Amino acid sequence: MSWTRKPLAAFAVCVLLLAGSAGCGTDDAREGGASPTPVGKILEDRDQEGRPLREVGQEGAPGVGIEVQPDTAGGWGVRLTVRNFRFSPAGAAARAVAGRGLARLYVDGRPVARLRAPAHRLDARLVPRGTHRVTARLYADDGTVWAVDGKPVESTADITASEPGPGMTPDASSRRKARTQGADVGGRGSPGRAQGAS
C-alpha cells in the first residue's frame, strides 16, 4: 500500500503550493493597489528622442501643467501641477504602472532634466537672452511617453529672458523680464485642466 501513499502525498503538496501562491500578494499590490497588467496601448509614433507613445483613454488619464517664473538667484523656478499622476521614486521598477512615472523637462526641445518631484530650478545658463519654450512631458517608468488621442501628455510655457539696460541695477527684476504663458500642447497639458494633483 505504500505505492498509493506517495502519489497522494505528492498531490497534496501540489494542492497546498497552488493554494498558497494564489493568496500571495505582489509588490504592486503592497504599493497601493497598482495593477501589474499592461497599461494602455503602445503606438508606433515616438517622441523626438525616439521613445514610443503609450496611449491611454481620456478618462483618468495623467495631466500636467507648467509654470515658470524668474527666481531671485538669477535662474528660473519651474512648478508642475499634475492630475491623475504620481511621481515614482528613484530606483522604481522599469515598468508602466497607471498614473505613475516621471517628467522630463525640455528647453527649446533640448532635454535638460528628469523630474521626480513637481518643483525644479533651471539654471540661468540654460535660458540665455531671448524667448524660449519650456516643456514638461510625462513618462511611464519604462520610458514610454504617456499619450492621449495620439499626442504626448505635456505642457509648455513661453518665457523671455532679457539683459539689463544702461543704468539699470543688476538685481533679478531688472536683469530679466519674464512673461510666462501656459500653452496646451497635446494630450491633457492644459494647466487649467491639470489642477488638483493626485
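Parameters and conventions
Residues numbered from 1 in each chain as written. Predicted model: local features only at pLDDT ≥ 70, side-chain atom pairs only at ≥ 80, totals over all residues. Heavy atoms only, no water. Helix = DSSP H or I, 4+ residues; strand = E, 2+ residues; numbered from the N terminus. Buried < 20%, exposed > 50% of the residue type's maximum accessible area, 1.4 Å probe, protein only. Contact = heavy atoms within 4.5 Å. Areas by Shrake-Rupley, 256 points an atom, 1.4 Å probe, with all protein chains shown as cover. Core = buried A, V, L, I, M, F, W, Y, C linked by side-chain atoms within 4.5 Å. Pairing = 2+ DSSP bridges. Axes fitted to C-alpha atoms, helices over the stretch in contact; angles between N-to-C directions. Polar contact = N/O pair within 3.5 Å; in protein donor to acceptor, adjacent residues only side chain to side chain. Phe/Tyr/Trp six-rings, centres within 6.5 Å; stacked < 30°, edge-to-face > 60°. Lys NZ or Arg CZ within 6 Å of the ring centre and 35° of its normal. Salt bridge = Lys/Arg side-chain N within 4 Å of Asp/Glu carboxyl O. pLDDT = per-residue confidence, 0-100.

Identification of the protein as Secreted protein from Streptomyces violaceochromogenes is taken from an unreviewed UniProt entry.

Undergrad: Which parts of the structure should I look at to understand the overall build of the protein?
TA: Of the regular secondary structure elements, the protein holds 3 helices and 13 strands. When burial is assessed residue by residue, the protein has 39% of its 198 residues classed as buried. In the protein, once contacts between residues fewer than 6 apart in sequence are set aside, the share between residues at least 24 apart is 63%. Accessible surface, the protein: about 11,100 Å² in total, of which carbon and sulfur atoms supply 56%.

Undergrad: Got a minute to help me understand the nonpolar core in this structure?
TA: Core analysis: the largest hydrophobic core is formed by 31 residues, its most contacted members being Ile-66, Val-68, Leu-80, Leu-105, Leu-122, Val-134 and Trp-146. If you list the elements that add at least two residues to this core, you get strand 3 (63-70), strand 4 (76-83), strand 6 (100-107), strand 7 (110-115), strand 9 (130-139), strand 10 (145-148) and strand 12 (154-161). With 4 residues, strand 4 is the largest single contributor of residues to this core. Among residues more than four places away in sequence, those in contact with Leu-80 are Val-64, Gly-65, Ile-66, Phe-87, Ala-103, Leu-115, Pro-118 and Ala-136.

Undergrad: Before we go on, may I ask you to explain the sheet that holds strand 8 (residues 119-122) in this structure?
TA: The strands making up a sheet associate through backbone hydrogen bonding, with each pair oriented either parallel or antiparallel. Across the sheet, which stays open at both edges, the 3 strands sit in the order 3-4-8 with antiparallel pairing between neighbours. Where the open sheet ends on each side, the last strands, each with one partner, are strand 3 and strand 8. Put simply, the sheet's adjacent strands are angled 25 degrees from each other on average, direction ignored. Relative to strand 8, strand 4 runs antiparallel, the two sharing 4 bridges. Residue pairing for strand 8: Val-78 is matched across the bridge by His-120.

Undergrad: Explain the environment of Asn-84 to me, please; I cannot follow it from the model alone.
TA: Mapped onto the elements, Asn-84 comes out in the loop between strand 4 and strand 5 (86-87). Classification of Asn-84 by relative accessible area gives partly exposed; the value is 27%. Between the C-alpha atom of Asn-84 and that of Ala-61, which follows or precedes it by 23 residues, the distance is 6.3 Å. A polar side-chain atom of Asn-84 sits 3.1 Å from the main-chain carbonyl oxygen of Ala-61.

Undergrad: What should I look at first to understand the packing of aromatic side chains in this one?
TA: Applying the stated criterion to the full structure yields 1 aromatic pair. Relative to Phe-87, the ring of Phe-85 lies with its centre 5.4 Å away and its plane at 85 degrees, an arrangement referred to as edge-to-face. Note on accessibility: Phe-85 and Phe-87 belong to one class, buried. In this structure, Arg-104 packs its charged tip against the face of Tyr-139, placed 4.8 Å from the ring centre.

Undergrad: Is there a simple way to explain the side chain of Asp-158 in this structure?
TA: By secondary structure assignment, the location of Asp-158 is in strand 12. What makes Asp-158 buried here is its relative accessible area of 18%.

Undergrad: Just checking my understanding: could you explain the pattern of salt bridges for this structure?
TA: Side chains bearing opposite charge may pair, as long as their charged atoms lie close to each other. Across all of its chains, the model carries 7 salt bridges by this definition. A salt bridge links Glu-154 to Arg-137, with the nearest nitrogen and oxygen atoms 2.6 Å apart. Linking Glu-154 in strand 12 with Arg-137 in strand 9, this pair joins segments that are 17 residues apart in sequence. Residue Glu-154 is classed as buried on the basis of its relative accessible area of 7%. Each of Asp-47, Arg-137 and Glu-154 takes part in salt bridges that share partners, so that together they form one network.

Undergrad: Looking at this model, I keep getting lost on the confidence of the model for the protein. Mind explaining?
TA: Regions with low pLDDT carry predicted coordinates that are not meant to be interpreted in detail. This prediction gives the protein a mean pLDDT of 77; 63% of its residues lie at or above 70. Low pLDDT (under 50) marks residues 165-175, which in the prediction has 13 contacts with non-local residues, meaning those over four places away or in another chain. Of the regions scoring below 50 in pLDDT, residues 177-198 engages in 72 contacts with residues more than four places distant in sequence or in other chains.

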